[in-house]
Amino acid sequence: MARTNTRFIEAYNKALTLCTKATIGEPVPSENALASQLDVSRTIVRSVLMRLHENQIISGTGRNKVVLRQPTPDDRLEGPTRLLSIEELESRFLDWILRMDVPPGTVLNVAQLSKEFSVATHTLQEFLNALSRFSIVTRRPRGGWELNGFTADFAVELSDFRAMLELNSARHLATLPEDHPIWAKLEALEASHHDLLARIDDDYHDFSVLDEKFHETINSVVKNRFVKDFQNIISLVFHYHFQWNKSDERTRNEAAIHEHLAYIDALRSRDTDRAERAARTHLMTSKQTLLDSLKANAHMR
């Protein structure tokens, strides 16, 4: 279950009450004192103080914070009542980049985005810090974050790394015994692919979700805690890239479905060389589609 941000909202509104009772220029209590008064951790207190500072209710730095103005009813937080999970935040962030056509070099306003994504500021900061490992964002020298975006080089490197991971998964999957649960999952996926083929003219846009599930299923046979984070971002990028380039979308998606079906058939053969060839064929197609999508997205700007 996703964590709730009820504690942050309650603490922030309690802090507003404290500021209402204070006089302009009165010092703000220390973090330890506030943690005790608000009955929350110092981490939440820091987020509360950051939000108060952003809303110009308090001013100053370090221990020299003072009340700048009296809060108004509009300053109170009424919701949301739930923090997004990390998985939801990943999807929302990438969806925002793609749908809003955010260009590389954009300075990210953490306070504004935390409101947009309905997350606490410190949670978004932690998320961006984790995302910086993939060079999608970069910490600015004087603080804050900047979007690097998705470039051709990024797409090539991501695709090549994806291929390395999935080829390993495909080889391993082809050797699994007949009673392994993966074969029932692949059978269900095969049926879903045939079902989508039957209605491809109207529902070709449904392929992106099916593609994501297909690759997640193949990679699920290899358990590696160090790879999991990379798999998440790879899955997200390849899921959303289908939305970037609408040209020939139906034709491309139908062709990809047939590649998936050939991939499944090769895995069922238990011939690891054949399975690897089918995997390479499809992964090369996906790589080219991603590169074409980036070009189309750049052309539309």
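Just so it is clear, the model here is predicted, and its values are computed rather than measured.

Trainee: How would you explain helix H12 (residues 249–268) if you had to name every residue and give the values?
Mentor: Within an α-helix, residues lying three or four positions from one another point in the same direction, as the helix has 3.6 residues per turn. Between the first and last C-alpha of H12 there are 29 Å, a value that for 20 residues agrees with the 28 Å anticipated at 1.5 Å per step. Those residues of H12 lying buried are Glu 249, Asn 253, Ala 256, Ile 257, His 260, Leu 261, Tyr 263, Ile 264, Ala 266 and Leu 267. Looking one or two residues past H12, Arg 270 carries a phi angle of roughly 65°, positive in sign.

Trainee: For the packing of helix H7 (residues 152–173) against helix H10 (residues 207–219), give the residues involved together with the corresponding values.
Mentor: Contact pair H7 / H10: the axes reach a minimum separation of 8 Å and the direction vectors enclose 60°. Contacts between H7 and H10 involve Arg 162, Leu 165, Glu 166, Ser 169, Ala 170 and Leu 173 on the former and, on the latter, Asp 211, His 215, Ile 218 and Asn 219. For the contact of H7 with H10, the class distribution of residues is four nonpolar, three polar and three charged.

Trainee: Describe in detail the side chain of His 193, supporting the description with residues and values.
Mentor: Here His 193 lies in helix H8 (residues 181–198). Exposure remark for His 193: the relative accessible area of 0% places this residue in the buried category.

Trainee: Which residues make up the nonpolar core, and what values do they have?
Mentor: Grouped together as the largest cluster of nonpolar side chains are 33 residues, with contacts concentrated most on Phe 93, Leu 108, Leu 124, Leu 128, Ile 136 and Val 137. Considering every element that reaches this core, the biggest residue donor is helix H4 (residues 86–99), with five residues. When sequence neighbours within four positions are dropped, the list of residues in contact with Ile 136 reads Leu 131, Glu 146, Leu 147, Asn 148, Gly 149, Phe 150, Phe 154 and Ile 233. With 29 residues, the next largest nonpolar core counts Val 221, Leu 261, Ala 266 and Ala 278 among its residues.

Trainee: Tell me about the side chain of Ser 47, residues and numbers included.
Mentor: When you line up the elements, Ser 47 lands in helix H3 (residues 42–54). Under the relative-accessibility criterion, Ser 47 is labelled buried at 3%. Those residues in contact with Ser 47, other than ones at most four positions away along the chain, are Phe 8 and His 122.

Trainee: Outline the packing of aromatic side chains, listing residues and values.
Mentor: Tallied over the entire structure, the rule returns four aromatic pairs. When the centroid spacing of 6.2 Å and the interplanar angle of 70° are considered together, the rings of Phe 93 and Phe 117 count as edge-to-face. Of this pair, Phe 93 sits in helix H4 while Phe 117 sits in the loop between helix H5 (110–116) and helix H6 (121–131), placing them 24 residues apart in sequence. For Phe 117, a relative accessible area of 1% gives the class buried. Seen in terms of ring centroids, Phe 214 and Tyr 263 are 5.4 Å apart; in terms of plane orientation they differ by 70°. Their pairing is edge-to-face.

Trainee: Would you mind going over unusual backbone geometry in detail, with residue names and values included?
Mentor: Despite not being glycine, Asp 39 has its phi angle at roughly 60°, a positive value. You can see Asp 39 is positioned in the loop between helix H2 (31–38) and H3. Even without being a glycine, Arg 270 presents a positive backbone phi close to 65°. Along the chain, Arg 270 falls in the loop between H12 and helix H13 (272–300). A residue is classified by how much of its surface remains accessible, and Arg 270, at 33% relative accessible area, is partly exposed.

Trainee: Explain H8 to me, and be specific about the residues and the numbers.
Mentor: When the terminal C-alpha atoms of H8 are compared, their 27 Å separation across 18 residues agrees well with the 26 Å that a helix rising 1.5 Å per residue should span. Listed as buried for H8 are Ile 182, Trp 183, Leu 186, Leu 189, His 193, Leu 196 and Leu 197. Viewed end-on, H8 has its buried residues packed into an arc of 135°, placing them on one side of the element. In H8, the exposed residues that point more than 90 degrees away from the buried face are Pro 181, Ala 184, Glu 187 and Ala 198. Tucked into the core, H8 has its buried residues touching H7, helix H9 (200–203), H10 and H12.

The rules we used
- Residues numbered from 1 in each chain as written.
- Predicted model: local features only at pLDDT ≥ 70, side-chain atom pairs only at ≥ 80, totals over all residues.
- Heavy atoms only, no water.
- Helix = DSSP H or I, 4+ residues; strand = E, 2+ residues; numbered from the N terminus.
- Expected span 1.5 Å × (residues − 1).
- Buried < 20%, exposed > 50% of the residue type's maximum accessible area, 1.4 Å probe, protein only.
- Axes fitted to C-alpha atoms, helices over the stretch in contact; angles between N-to-C directions.
- Contact = heavy atoms within 4.5 Å.
- Nonpolar A, V, L, I, M, F, W, Y, C, P; charged D, E, K, R; others polar.
- Core = buried A, V, L, I, M, F, W, Y, C linked by side-chain atoms within 4.5 Å.
- Phe/Tyr/Trp six-rings, centres within 6.5 Å; stacked < 30°, edge-to-face > 60°.
- Arc of directions from axis to C-beta.

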